[in-house]
Each structure stands twice: as C-alpha cells, then as structure tokens.
There are 2 protein chains.
Amino acid sequence: MSIAVVNKNAKRGSTVKPEPESAASSGLSGAKVAPRDRIVSTACELFRQHGIRGIGVDAIAEAASTNKMTLYRHFGSKDDLICETLRVTSEKSGAMWADIETRFPDDAKAQLGAWVAALSECLQREPSGCDIANAAVELKEADHPAHAVIENFKILQRGKLTDLCRRTGTEEPETLADTLLLLLEGARVSRQASGLEGPAQCFQRACRNTLHAFGVGVR
Amino acid sequence: MSIAVVNKNAKRGSTVKPEPESAASSGLSGAKVAPRDRIVSTACELFRQHGIRGIGVDAIAEAASTNKMTLYRHFGSKDDLICETLRVTSEKSGAMWADIETRFPDDAKAQLGAWVAALSECLQREPSGCDIANAAVELKEADHPAHAVIENFKILQRGKLTDLCRRTGTEEPETLADTLLLLLEGARVSRQASGLEGPAQCFQRACRNTLHAFGVGVR
DNA sequence: ATGACGTGTTACTTACCGGTAACATACCAA
DNA sequence: TTGGTATGTTACCGGTAAGTAACACGTCAT
C-alpha cells in the first residue's frame, strides 16, 4: 500500500526555537495566531491534500508548529478535529453567501449569477473537490460525528440556494436549485478524477444553460 | 479515530472446513469460483462498503473465504488489487453500454434515454457513489497506479457518451455529454452526502430537462 | 507413485497511528 | 513573588496494517 510518507511520528529535527511566529502557513503575517487556530487551518489544508485518513494527528501538529499534546488538549480526538475543520469550512461557505448578498442586494438573478461565477472560479483554483463531500466519501462509518456536520451543511446550502432560486421568480425553484447543486458537486468530483480539461470545464456553461432553461437569464 | 472494527488481523474462529463452495457472497450458486475471482468480487464489495483505506487485505481475504497468502500470490500488493477491482468495475460499465446498444440498435436517442434510466436506477439501488470517482477521492497520492485506470475509464466513458450524443444529431454534443456527466457524478456524490431525498432525487428530471434543452427529446 | 501446483496455516517483521502520562517551561495576572 | 494556565517535550502503550517466510496439505496429470 504505497502510503505517502507524511507521518512517521513526528520528531522535530532541530532543537532551535521555531521562530515564535512563523505564521504557520496561514497567510497572516505577525498576527500571533493561537495554536488552536493554527491547528485547525493546518488540518483543513492537510486533510484536503492527503485525505482525512491519509494524514495523522502527529503530522498535523508538527505542520502547525506545535505538538500532539497541545492538539489533544484542544480537541479530544481526531474525530473532534475533523468535525471542527468541517464546521470552519461551512463557515467559509457562509461568508461567500454573505459577500454575494452584500454585493448584489435585492437582486436575486445577479446573486445567482455571482454564485455560479464564484464557484466556477473556486473550481479553477482548488484542485481538490468539495471538502465536505469528500469527507462524506471517506468517512463510511455511519455513526461518525462528522456526518451530523455534513448533513447540516448540505441542508443549509440547499435551503439557501432554493430560496435564492425562488426569489428569481422561476417556477420549480427546487428543481433548479437541485440541478445546480448536482452540476456543482459533479464538477468538483470530476475535477479530481479527470482534471480541469475533463467535464468540469463546462460547469459554467452548463449552469448558464440550466438557468436559461428555467427562464432565469443572467446578465 | 472511531475506525470501524473490521480487520484485526483475521483469525478464523472455526476449524471446520468452510463448505468448499460457499459462493463467497457472489450470487453464483455451485459455480466453483476460483479464489482469485472471489477475492476480486469481495474486494469490490468491501471497498465500496468501507472505503479503500478503510478495509485491510486480511479482512478481504477472510471475507473471500481464503487467506492473505493466497491473495498476495495473485496480487503483488494491495495497490494491485485496487487496480484490478477498478478494472473490473470499468468492465461492468462497458457491459452496460453493450446492453443498451443491443436493446436499441441504431437509435441514438433511445440509447441516451436508456443510459439515463439505467444510471438513475443504479443510483436508487447503490447507496455508494461511483466506485471509480470515490477511488479518485480517496487515493490522493499522485503516483498511485490506480490513477491510470481511473483516467482511462473516465476518458473512455466520456468518449462513448460524447459519441452517443453526437449520433443524436444535436449541436454541441460535447457540452451535452459533459453536462450529463456532471449531473451523474453530482448525483452520485450527493447521494452519499445527503441521501436519496437530497438533490440526487432530481437526477432524472435534470437529465430530461437538459436533453430537452439540447433538442434531444427522449421518448 | 510421483511430482508439480495451487492452496491453507501459522507466525513473524516492520511500521504507523491514535491516544495518554509525566514532567518541564514560559508567560501572565494578582 | 506566587501561582495558575497554556504550551512544549519525551516516552510510552495498544492496536492495526502491509507484506513475507516456512511448512503442510490436497489434487490432478503423467
């Protein structure tokens, strides 16, 4: 099983102090990010890169410039940490929604167009698919606590999008919203399996076609 | 890390012979399935149930009514076995295509309709998404041999579908095919994360709408 | 009978990984 | 100063996983 060597029970090579603030891969410069936050953001990144099962807590802690004990003081278990990263990811998505709403207040059609554009752009940038959906694929144990977070996010996302579609005045807003969600999830998973030149490349066009078919001409 | 207890270095509980032919979960009755084939079909099943990283070779061998040594005599490594299961899954998909073609010879529109219907039915039946796409999500190591199999399958599938769309006489057959693929992948991943009542439920309707929009009225 | 061949069995090695214990250190507030 | 709190360090435990070695057994063709 060619498992990528990422873990090996971290043993810091150097004895020197690792520069009190090395910003821990999080873009913020001298913001003095607390260990807990470094751990969460690092975990997000590494889970995305290696998969949830593909990275160990030790490696996460080390990459966050801290250690396993501190990690376990903040999160009782790896599962807890997983749930937290999913929650943070959900919140990021919520921020995107808020941003769209402030940019195009009271203009449902423009908001829907912005949603497609934002996700399309995100699709170009992020090589990995939807972290939440990926977690659902990886965590098959039916009783895993992450499933609650996943379900919650999916319901919220679907509700918001359906609502937005409804505000455009289209008939069958539910079908429109679900169709767009299928295209989105499909594009994200397809991007992982087939790259950017695969079916994912037509995500934006497919969305526009769909919107047009539902009588929601954008722009 | 609440890992489902499935492996624990298999130790057969009974000493009695396990009935020379217990059919190893493969429907065939007294067909005397060879160990190799039992292993492959069992692995397909268990990978789907627990994920590729979630099940060990020992558990697979035991579930196939054989043992790890025999498994390793047929497949040099777990990675080899993974590739083989993906190849088998690809072939099953190929069989579906052949079936559709024989049922509606020289009728591209009917074939496309049958494709949607078949996948939709498969979506109802199989709780887990596309095994190939799931493998792509789980195996993040860029150099994993399975990626060649995955890519090959995806290219083949896309080619076949694009060809079929082209034969319906529609303009932009590539866009139609890619849109349908996005809907399919999306439905499969959404079914895992949100269940059957989620966005996946509108897969068939979304496909019909798309076909209609591309001037390919089915039925 | 005699091999060869596929298979079963047991035991082992190596390695990783989640999680914990015990102790040391730094910093901040009263 | 004192003491609490968050953090760092090291070492360890138990479990599981991939992969291998050595040997025993059955079957089938010659």
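Residues numbered from 1 in each chain as written. Chains lettered and ligands numbered in written order. Predicted model: local features only at pLDDT ≥ 70, side-chain atom pairs only at ≥ 80, totals over all residues. Heavy atoms only, no water.

## Some words on the overall build of chain A
Within chain A one finds 9 helices and 0 strands. When the elements of chain A are put in sequence order from the N terminus, they spell out α-α-α-α-α-α-α-α-α. In chain A, which comprises 219 residues, the proportion classed as buried is 50%. A fraction of 63% describes how many contacts in chain A between residues 6 or more apart in sequence connect residues 24 or more apart. In the structure as shown, chain A presents an accessible area of about 10500 Å², 52% of it carried by carbon and sulfur atoms. (Helix = DSSP H or I, 4+ residues; strand = E, 2+ residues; numbered from the N terminus. Buried < 20%, exposed > 50% of the residue type's maximum accessible area, 1.4 Å probe, protein only. Contact = heavy atoms within 4.5 Å. Areas by Shrake-Rupley, 256 points an atom, 1.4 Å probe, with all protein chains shown as cover.)

## Focus: helix H7 (residues 146-167) of chain B
Residues spaced three or four apart along an α-helix face the same direction, because each turn holds 3.6 residues. Relative to the 32 Å expected for 22 residues at 1.5 Å per residue, H7(B) spans 32 Å between its end C-alpha atoms, a close match to the ideal helical length. The elements touched by buried residues of H7(B) are helix H8 (173-194) of chain A together with helix H4 (78-103), helix H5 (108-125), helix H6 (131-138) and helix H8 (173-194) of chain B. Remark: Gly169(B) follows H7(B) within two positions and exhibits a positive phi of approximately 90°. (Expected span 1.5 Å × (residues − 1).)

## Looking at the packing of aromatic side chains
All names here are of chain A. Applying the stated criterion across every chain yields a total of 2 aromatic pairs over all chains. Between the aromatic rings of Trp97 and Trp115, the centroid separation amounts to 6.5 Å while the plane-to-plane angle is 40°, which identifies the pairing as tilted. With Trp97 in helix H4 (residues 78-103) and Trp115 in helix H5 (residues 108-125), this pair connects stretches of sequence that are 18 residues apart. Summarising the burial analysis for this pair, Trp97 and Trp115 share the class buried. (Phe/Tyr/Trp six-rings, centres within 6.5 Å; stacked < 30°, edge-to-face > 60°.)

## Here's the deal with the nonpolar core
Of all hydrophobic cores here, the largest spans 63 residues; its most connected members are Ile60(A), Leu86(A), Ile60(B) and Leu86(B). Formed by 56 residues, the second largest nonpolar core is a distinct cluster that contains Ile100(A), Leu183(A), Phe203(A) and Leu164(B). (Core = buried A, V, L, I, M, F, W, Y, C linked by side-chain atoms within 4.5 Å.)

## Topic: the environment of Asp80(A)
Residue and element names in this part refer to chain A. With respect to the helices and strands, Asp80 occurs in helix H4. Classification of Asp80 as partly exposed rests on a relative accessible area of 37%. Between the alpha carbons of Asp80 and Ala146 there is a distance of 8.2 Å; along the sequence they are 66 residues apart. In this structure the side chain of Asp80 is engaged in a polar contact, spanning 3.4 Å, whose partner is the backbone nitrogen of Gly76. (Polar contact = N/O pair within 3.5 Å; in protein donor to acceptor, adjacent residues only side chain to side chain.)

## Structural notes on the relation of the copies chain A and chain B
Note that the two copies of the chain are related through a rotation about an axis and a translation along the same axis. Structural alignment of chain A on chain B gives an RMSD of 0.0 Å, achieved by rotating through 180° and translating 0.0 Å along the axis. When the rotation and shift are considered jointly, the pair of chain copies conforms to a two-fold rotation axis. For chain A, the residue whose C-alpha comes nearest the rotation axis is Gly186(A), separated from it by 1.8 Å. Here 100% of the contact residues of chain A are again contact residues in chain B; the copies associate through an equivalent surface. (Least-squares fit on C-alpha atoms with pLDDT ≥ 70 in both.)

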